[in-house]
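Breakdown of the fold
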Amino acid sequence: MDLLNLIKIIAAIVTVIVALIAGVVELRLNPDNWLNRWFALFFASASLGFLTYTIYHFIYMDSYSNAELIIIPIMITAHILFNFIPISLVMTVFIVEKYKKIAMNLSHLGIMITLFILMSVGYFIWPPTLNPVKYADKIIDTETPEGLFIFVNISRIVLLCYVVLKYAMITKKVEEETKKRVQWFFTGIIIAIIGLFINITGGLFGLIILEIIALIFVDIGMIIVVKGFLI
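To keep things clear, this report deals only with the structure shown in the data block. Everything quoted here is computed from the prediction, not taken from an experiment.

So, about the overall build of the chain. Looking only at helices and strands, the chain has eight helices and two strands in total. Scaling as 2.2 N^0.38, a compact globule of 231 residues should have a C-alpha radius of gyration of about 17 Å, and the chain matches this with 18 Å. Reported as C-alpha extents along the three principal axes, the dimensions of the chain are approximately 60 × 35 × 30 Å. Relative to its 231 residues, the chain shows a buried fraction of 47%. If you sum the accessible surface of the chain, you get close to 11,600 Å²; carbon and sulfur atoms cover 72% of it.

Within the structure shown, the criterion is met by three salt bridges. Close ionic contact of aspartate 32 with arginine 37 constitutes a salt bridge, the shortest N to O distance being 3.9 Å. Exposure remark for aspartate 32: the relative accessible area of 62% places this residue in the exposed category.

Right, let's get into the packing of helix α2 (residues 34–56) against helix α8 (residues 208–230). Following both chains from N to C, one finds α2 and α8 inclined at 155°, their axes separated by 12 Å at the closest point. Put simply, α2 runs roughly antiparallel to α8. Judged by the twist between their axes, the crossing of α2 over α8 is left-handed. Where α2 abuts α8, its residues Leu35, Asn36, Phe39, Phe42, Phe43, Ala46, Phe50 and Tyr53 lie against Glu211, Leu215, Met222, Val225, Val226 and Phe229. In terms of residue class, the contact of α2 with α8 is made up of twelve nonpolar, one polar and one charged.

Right, let's get into the packing of helix α4 (residues 106–125) against helix α6 (residues 146–173). Running from N to C, α4 and α6 point in directions that differ by 155°, and their axes come no closer than 9 Å. In terms of orientation, α4 lies roughly antiparallel with respect to α6. In the crossing of α4 with α6, the sense of the turn from one axis to the other is left-handed. For the pair α4 and α6, the contacting residues are Met112, Leu115, Leu118, Met119, Gly122 and Tyr123 in the first and Leu148, Phe151, Val152, Ser155, Arg156 and Leu159 in the second. Here the contact of α4 with α6 is composed, by residue class, of nine nonpolar, two polar and one charged.

What follows is about α6. Taking 1.5 Å of rise per residue, the 28 residues of α6 would be expected to cover 40 Å, and the 41 Å separating its terminal C-alpha atoms lies within 8% of that figure. For α6, the complete set of buried residues consists of Leu148, Val152, Asn153, Ser155, Arg156, Leu159, Leu160, Val163, Lys166, Tyr167, Ile170 and Thr171.

A few words on the side chain of threonine 142. Along the chain, the position of threonine 142 falls in strand β2 (residues 142–143). Taking the relative accessible area as the measure of exposure, threonine 142 reaches 17% and is therefore buried. With residues near it in sequence (within four places) discarded, threonine 142 still touches Tyr56, Ile71, Ile72, Met75, Thr129 and Leu130.

Let's shift gears to the packing of aromatic side chains. By convention here, two paired aromatic rings are described through the distance between centres and the angle between planes. Taken as a whole and judged by the stated rule, the model has ten aromatic pairs. For the pair tyrosine 53 and tyrosine 56, a centre-to-centre distance of 5.7 Å together with 75° between the ring planes defines the contact as edge-to-face. Of this pair, tyrosine 53 and tyrosine 56 both sit in helix α2, three residues apart, which is roughly one turn of that helix. Look at tyrosine 56 and you get buried, because its relative accessible area is 2%. The structure contains a cluster of three or more aromatic residues connected by ring pairs, namely Trp34, Trp38, Phe84 and Phe116. Against the face of tryptophan 34 rests arginine 37, its NZ or CZ located 4.6 Å from the ring centre.

A few words now on the environment of alanine 103. With respect to the helices and strands, alanine 103 occurs in helix α3 (residues 64–103). Setting aside its immediate chain neighbours within four residues, alanine 103 contacts Met91, Phe94, Ile95, His108 and Leu109.

Cut-offs and rules
- Residues numbered from 1 in each chain as written.
- Predicted model: local features only at pLDDT ≥ 70, side-chain atom pairs only at ≥ 80, totals over all residues.
- Heavy atoms only, no water.
- Helix = DSSP H or I, 4+ residues; strand = E, 2+ residues; numbered from the N terminus.
- Rg over C-alpha atoms; globule rule 2.2 N^0.38 Å.
- Buried < 20%, exposed > 50% of the residue type's maximum accessible area, 1.4 Å probe, protein only.
- Areas by Shrake-Rupley, 256 points an atom, 1.4 Å probe, with all protein chains shown as cover.
- Salt bridge = Lys/Arg side-chain N within 4 Å of Asp/Glu carboxyl O.
- Axes fitted to C-alpha atoms, helices over the stretch in contact; angles between N-to-C directions.
- Parallel < 35°, antiparallel > 145°, perpendicular 65-115°, else oblique.
- Left-handed = near helix turned anticlockwise from the far one by under 90°.
- Contact = heavy atoms within 4.5 Å.
- Nonpolar A, V, L, I, M, F, W, Y, C, P; charged D, E, K, R; others polar.
- Expected span 1.5 Å × (residues − 1).
- Phe/Tyr/Trp six-rings, centres within 6.5 Å; stacked < 30°, edge-to-face > 60°.
- Lys NZ or Arg CZ within 6 Å of the ring centre and 35° of its normal.

Geometric values such as these leave the question of function open.
Encoded structure:
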């Protein structure tokens, strides 16, 4: 394994740990509050997503076909978990803006669940493949069909942009006593989303260094979001 791939895997492991701790802290602060629950789901999705992402990068067998049978389902699981990241963030916006009763009804939660299914079902219809050339060099590199890759990532980007826009608007409207907390949320989410954008760019162009930088941004963003809850 080359040095950059090793660093990427280490960075992913760090992200797993940071997201896990953040999720536990978030939920323990107020387990009955749906805002805490959705942020905890955001952290859990990131933690489990990067955990499965890390796991399949360690799988190597003499048989390429056997390896693909194991690696691809794990890779799909990771991306389904990644798809839930923007979904959970949008739900935090609904909770902050519309309160639990409205946010958890069918017109909001139902739409987000439907969108999550649409983003994820394509992986079973047009499954990714394992790059055989790189696998021969003991590098795990999966390739997603271009149409599916574009659809999923555009969906993620649109949802994340919606979150950024909404939190910017919420920050201007909230009362002074809660403004500082929402500002921490907004700052943390912005940094994490920048990381996700960088990660998408790195994946699109196959630039491992960008994926490493992305993980650092995501870690910093998650820590700042938790700081907002601790105020």
